[in-house]
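Residues per chain, in single letters:
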Amino acid sequence: MKRTLGTCYYPEHWPREIWADDARRMAAAGLTWVRIAEFAWSRLEPEPGRYEFGWLDEAIAVLGAAGLKVVLGTPTAAPPRWMIDRHPDMLAVDAEGRPRKFGSRRHYCFSHLGYRAECARIVTELARRYGADPHVAAWQTDNEYGCHDTTISYSDVARVAFRTWLRARYPGAGNDGDVGALNAAWGNVFWSMNYDGFEQIDLPNLTVTEPNPSHALAFRRFSSDQVVSFNRLQTDIIRAHSAAPIAHNYMGRITDFDHFAVGADLDIASWDSYPLGFLEDRVGAGEAHQLRFARQGDPDFQAFHHDLYRAVGRCAKAAQKGGLPRWWVMEQQPGPVNWAPYNPAPLPGMVRLWSWEAFAHGAEAVCYFRWRQAPMAQEQMHAGLLRPDSADAPGLDEARQVAAEIADAPDVAAAQARVALLFDYDADHAWQIQPHGDGLGYFGLVFELYRAMRSLGLSVDILPPETTDFAGYDLIAAPGMMHMPERLKRDLAASGAQVLYGPRTAARDCDMCIPVPLPPDIPGLAVTVSRVESLRPTAPVALTGGGQVVGYREFLETGADIVETTETGEPVIVLRGRQTYVGAWLDQTGWRHALRRLCETAGIPTVDLPQGVRLRDTGSERFWFNYDTAEHKVGAVTLPPVSVLREERGR
Ligand code: GAL
C-alpha cells in the first residue's frame with residue numbers, strides 16, 4: 001500500500017478564478033486527495049428541486065485536471081434553511097425537550113423519515129451525476145456523525161421509531177411485541193414502572209429522577225441503530241451508481257453509536273484528528289500533563305484512535321473480502337484550531353510527527369483540514385495550510401516535507417500485533433448510564449490501559465466484540481465490557497492467549513441487570529464479585545506490589561491464585577490458568593505491573609519508555625516518536641526533541 005496526503009477544500013467559498021491555482025499548488029505540495037462539497041447543499045439545490053451542479057462539475061474538472069483525486073462528500077450534515085420550512089419537525093430535540101435550531105450544522109434528527117427521503121434524493125442526484133466520473137475516486141457520507149452531541153434526539157419522531165424498535169426487540173405474536181417480556185427484562189416492577197403496551201413507552205428524558213438504566217440503555221442502542229440505518233441509506237444509493245470506495249469521517253472520543261456497525265457498510269474508515277484541541281477538550285488528563293504537551297498533543301490519544309479506526313476499517317466491506325483494512329485520517333489539524341478552551345499553535349515539527357504517526361499505525365491517507373483558512377463565519381480562527389490571503393501557513397511546509405518523505409519510503413507491510421484490546425461501544429453506553437462514581441467511564445478505563453501498554457512499547461490491535469478469531473494474539477484485554485456474551489467468554493477462554501478481564505467485565509446481563517450467578521461468571525476462572533464500591537479521587541487504596549486502586553474497586557471471592565492485593569490483604573488481581581481478573585480501576589503504575597507480568601508469561605518483550613516517547617511496529621518498520629521537548633535515549637536509540645525516527649526491519 002502507498003501512503004498518500006490530501007486536503008479538505010471548499011470551492012464554494014472562493015472565487016472560481018482561483019480554483020485552478022489552488023489545485024496546482026495542492027498538486028505541487030505533493031497532495032493526492034481533495035475532499036469537497038460536504039456542506040454545500042444550499043449551493044447544489046438553492047430551492048427545493050432546483051439543482052445547480054454546474055459549479056461542482058467545474059470544480060471537479062479543475063481539481064482532476066491538476067492530477068488530484070476527489071473525495072466527494074454528501075451534503076447531508078448541512079441541510080439548507082428551506083428544508084426546515086418543509087419539515088419543521090426534523091430538528092433534533094435535546095434532553096430538556098428543546099428543538100436544536102437552524103444556524104450552524106447537523107440540525108436534523110436521525111429518525112425523521114421526511115428528512116431521510118430528502119437525503120436519499122440529493123444523494124441519488126449526486127451519485128447519478130458523479131458516480132462514473134473518473135476524478136471522483138472516493139465518497140464520504142455526511143460529516144462526523146455524532147458531532148455536537150447529535151446522535152441522541154428526544155423528538156416525537158424518535159419516540160415513534162423507538163417504540164417500533166422495542167416491539168422488534170421484544171417480539172410477541174404478530175407485530176405487536178411482548179410488553180410483558182420487556183417489563184420482565186427491565187425489572188419494571190421496581191417503582192411500579194410496568195407498561196401495559198408499547199404505545200405507553202416514552203423516551204427516557206425529563207423523568208423525575210434517573211430513568212430505569214435498562215430503558216436508558218435500550219434508547220442508546222436504538223439511537224445507535226438509527227445512525228447505522230441513516231448511513232446505509234446513503235451507501236446503498238452510492239453503490240448503485242459508483243464503484244468508488246465510500247468513507248465516513250468519525251471523531252475522537254465520540255462513542256454515541258457503534259462505529260463497527262456503521263463501518264460494516266463502508267469501504268474506508270476515517271477519522272478527524274485534532275491533537276491539540278483534544279488535549280484541551282477531551283483527553284481528561286491533569287493540568288501538568290496538559291502543560292507539558294500543550295503544543296504537541298497527548299502522546300497516546302491519536303494512536304488509540306488510529307488503532308480503533310483501523311479496527312473499524314477491518315469491519316468494512318472490502319476488508320471482509322480479504323483486503324487490508326482501509327483507514328484514513330480525513331482531517332488533520334495543520335495549525336491552531338478554534339473550538340477548544342485554549343488553542344495554541346503546534347510546535348514546529350508536530351504536523352509532520354502527527355502525519356507519520358498515522359502512517360505508522362497503517363493509515364493509507366492523511367488529509368489536512370483545511371486548505372485555506374476561512375475569513376468568514378464560525379471557523380475564521382481555524383488555521384489552514386494557507387492563510388486567508390493565500391500565502392503559505394506554517395503547516396504547508398511540513399506537509400510538503402511529509403510528501404517528499406513518503407514518496408521515498410517503501411510500501412507499507414501491515415502486521416498483526418501480539419497484543420489485542422477489545423473495544424465495545426455498548427459497554428461505553430452502559431458505563432455512562434451507571435458510572436457508580438464521578439469520573440468513571442468505559443472509554444477512560446480502556447484508554448488508561450492502552451496508555452500503560454504503549455508506555456511498555458507494545459503495539460496494539462483493537463478488536464470489536466464480535467471477533468471470533470483470536471489466532472496470533474498472545475495477550476488479549478477485555479476490561480470493563482459490561483455485558484459480555486457467553487459466546488465471547490468461551491472464545492476468549494479457548495483462545496490460548498493470556499486474557500485480562502475486569503473491572504466490571506460481564507457485570508450486567510444484556511438488559512442491564514445484575515446476573516445470577518454473580519459476575520463475572522467466566523468459565524474456568526474461579527472468581528465472584530461479591531460487592532463493589534467507588535472511591536473519591538483523594539482516597540486511593542495502595543497495592544502491595546506498587547501502584548494504587550483509584551476510583552473503583554470490587555471485592556472478590558476466589559479460588560484462583562491471588563497475584564495482587566491491597567495493603568490490607570484483599571485480593572485485587574487473580575489468575576487461573578491463562579485468565580486474569582482485575583477487580584479494580586488501577587493507576588498507571590498498577591496497570592504497568594499487571595501488564596509486565598502478563599507479557600513476561602506470554603513471552604512478549606516490553607521496554608519502559610520515557611514519558612512522551614512511543615514506538616510502533618509495522619511489518620517492515622519500527623517507528624519512534626518523541627512528543628517531548630527534551631531529548632531521550634532508549635537503549636542505543638537517541639531521539640531529539642519532537643522527532644520521528646523510522647527504522648526498516650527485516651520482514
Ligand atoms: C471537524 C469538522 C470540520 C471542521 C473541523 C474544525 O470536526 O468535520 O468540518 O469543523 O472540525 O476543526
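Residues numbered from 1 in each chain as written. Predicted model: local features only at pLDDT ≥ 70, side-chain atom pairs only at ≥ 80, totals over all residues. Heavy atoms only, no water.

Our next topic: the sheet that holds strand β10 (residues 460-463). In space, the 7 strands of this open sheet follow the order β10-β9-β11-β12-β18-β17-β16, with mixed pairing throughout. Each end of this open sheet is capped by a strand with a single partner; those strands are β10 and β16 (561-565). When strand polarity is set aside, the average angle formed by the axes of neighbouring strands in this sheet is 20°. As judged from the 3 bridges shared by strand β9 (residues 419-422) and strand β11 (residues 475-478), these two strands associate in the parallel manner. (Pairing = 2+ DSSP bridges. Helix = DSSP H or I, 4+ residues; strand = E, 2+ residues; numbered from the N terminus. Axes fitted to C-alpha atoms, helices over the stretch in contact; angles between N-to-C directions.)

With that out of the way, let us pick up a nonpolar patch on the surface. Taken together, the side chains of Val189, Phe190 and Trp191 make up a nonpolar region of the molecular surface, amounting to roughly 410 Å² of accessible area. On the secondary structure map, Trp191 appears in the loop between α7 (179-186) and α8 (213-241). Exposure remark for Trp191: the relative accessible area of 57% places this residue in the exposed category. (Patch = residues over 30% accessible without salt bridge, like charges linked within 9 Å, V, L, I, M, F, W, Y side chains within 5 Å. Areas by Shrake-Rupley, 256 points an atom, 1.4 Å probe, with all protein chains shown as cover. Salt bridge = Lys/Arg side-chain N within 4 Å of Asp/Glu carboxyl O. Buried < 20%, exposed > 50% of the residue type's maximum accessible area, 1.4 Å probe, protein only.)

Another point: helix α1 (residues 19-28). Taken together, the buried positions of α1 are Trp19, Asp22, Ala23, Arg25 and Met26. Axial view of α1: buried residues confined to an arc of 165°, hence all on one face. Looking at the buried positions of α1, the neighbouring elements they touch are β1 (4-8), β2 (33-36) and α3 (54-65). Looking at the residues trailing α1, positive phi occurs at Gly30, about 95°. (Arc of directions from axis to C-beta. Contact = heavy atoms within 4.5 Å.)

Ranked by size, the top nonpolar core spans 148 residues in total, and within it Ile36, Leu56, Leu72, Trp139, Phe304 and Leu421 carry the most contacts. The leading source of residues in this core is helix α17 (residues 442-455), at 9 residues. Discounting chain neighbours no more than four positions away, the residues touching Leu56 are Ile36, Ala37, Leu44, Leu72, Leu126 and Tyr130. Formed by 23 residues, the second largest nonpolar core is a distinct cluster that contains Ala420, Leu525, Val529 and Ala560. (Core = buried A, V, L, I, M, F, W, Y, C linked by side-chain atoms within 4.5 Å.)

Domain assignment breaks the chain into domain 1 (4-151 + 220-407), domain 2 (156-216), domain 3 (419-602) and domain 4 (613-648). Between domain 1 and domain 3, the C-alpha centre-to-centre distance is 35 Å. Across the contact, 28 residues belong to domain 1 and 22 residues belong to domain 3. Regarding the contact of domain 1 and domain 3, the summed buried area is about 2200 Å², with carbon and sulfur atoms giving 56% of it. Joining domain 1 to domain 3, the criterion identifies 6 salt bridges. A salt bridge links Asp426 to Arg221; the nearest nitrogen and oxygen atoms lie 2.7 Å apart. For the interface between domain 1 and domain 3, the tally reads 14 residue pairs in polar contact (both at pLDDT 80 or more). If you list the elements that add at least two residues to the side of domain 1 that touches domain 3, you get α8, α9 (259-263) and α12 (301-314). Considering each element in turn, the side of domain 1 that touches domain 3 owes the most residues, 10 residues, to α12. For the side of domain 1 that touches domain 3, the per-class residue count stands at 12 nonpolar, 5 polar and 11 charged. (Domains from an automatic or database assignment. Buried area = accessible area lost by both parts, 1.4 Å probe. Polar contact = N/O pair within 3.5 Å; in protein donor to acceptor, adjacent residues only side chain to side chain. Nonpolar A, V, L, I, M, F, W, Y, C, P; charged D, E, K, R; others polar.)

Moving on: the site of the ligand. Residues in close proximity to the ligand include Phe39, Arg105, Asn143, Glu144, Asp272, Tyr274, Glu331, Trp339, Phe369, Glu379 and His382, which together make up its full environment. A distance of 2.9 Å is found between an oxygen atom of the ligand and a side-chain nitrogen or oxygen belonging to Asn143. One of the side-chain nitrogen or oxygen atoms of Trp339 is found 2.8 Å away from an oxygen atom of the ligand. In isolation the ligand offers 310 Å² of accessible surface; the protein chains occlude 96% of this area. Tallied by class, residues from the shell around the ligand come to 4 nonpolar, 2 polar and 5 charged. (Near = heavy atom within 4 Å.)

What follows covers the pattern of salt bridges. Taken as a whole and judged by the stated rule, the model has 49 salt bridges. Among the ionic pairs, Glu118 bridges to Arg86, the shortest N-O distance being 2.9 Å. Taken as a pair, Glu118 in helix α5 (residues 113-130) and Arg86 in helix α4 (residues 81-86) lie far apart in primary sequence, 32 residues in all. Where Asp300 meets Arg614, a salt bridge forms, and the shortest distance between an N and an O atom there is 2.7 Å. Note that Asp300 is positioned in the loop between α11 (287-292) and α12 and Arg614 in strand β20 (residues 613-617), a separation of 314 residues in sequence.

For the rest of this paragraph, the subject is the environment of Trp431. Locating Trp431 in the fold gives a position in helix α16 (residues 425-433). Residues Trp431 and Asn188, 243 residues apart in the sequence, show an inter-C-alpha distance of 20 Å. Among all residues touching Trp431, those that are not within four sequence positions of it are Leu440, Gly441, Tyr442, Leu445, Gly480, Met482, Pro503, Arg504 and Trp585. Among the polar contacts listed, one links the side chain of Trp431 to the backbone oxygen of Gly480, at a separation of 2.8 Å.

Here the bond from Phe369 into Arg370 is cis, since omega is 5°, no more than 30 degrees from zero. Position of Arg370 relative to the elements: it lies in the loop between β8 (365-368) and α15 (394-408). Pro503 follows Gly502 through a cis peptide bond whose omega is -5°. Mapped onto the fold, Pro503 is located in the loop between β12 (498-501) and β13 (527-534). Even without glycine at this site, Asp142 takes up a positive phi of about 50°. Relative accessible area serves as the criterion here: at 0%, Asp142 is assigned to the buried category. In this structure, His436 is a non-glycine residue whose phi angle is positive, near 75°. In this fold, His436 is placed in the loop between α16 and α17.

Attention now goes to the packing of aromatic side chains. Considering all chains together, one arrives at 47 aromatic pairs under this definition. Arranged with centres 6.2 Å apart and planes meeting at 70°, the rings of Tyr10 and Phe369 form a pair that is edge-to-face. Pair noted here: Tyr10 is in the loop between β1 and α1 and Phe369 is in the loop between β8 and α15, with a separation of 359 residues, a long-range link. Across the pair, exposure class does not vary: Tyr10 and Phe369 are buried alike. With centroids separated by 5.2 Å and ring planes inclined at 35°, the aromatic side chains of Tyr154 and Phe219 adopt a geometry described as tilted. Pair noted here: Tyr154 is in the loop between β4 (136-140) and α6 (156-169) and Phe219 is in helix α8, with a separation of 65 residues, a long-range link. Of the two residues, Tyr154 and Phe219, both sit in the buried class. In this structure, Arg43 is placed above the aromatic ring of Trp55, and the distance from its NZ or CZ to the ring centre is 5.5 Å. It is Arg81 that lies over the ring of Phe102; its NZ or CZ is 5.8 Å from the centre. (Phe/Tyr/Trp six-rings, centres within 6.5 Å; stacked < 30°, edge-to-face > 60°. Lys NZ or Arg CZ within 6 Å of the ring centre and 35° of its normal.)

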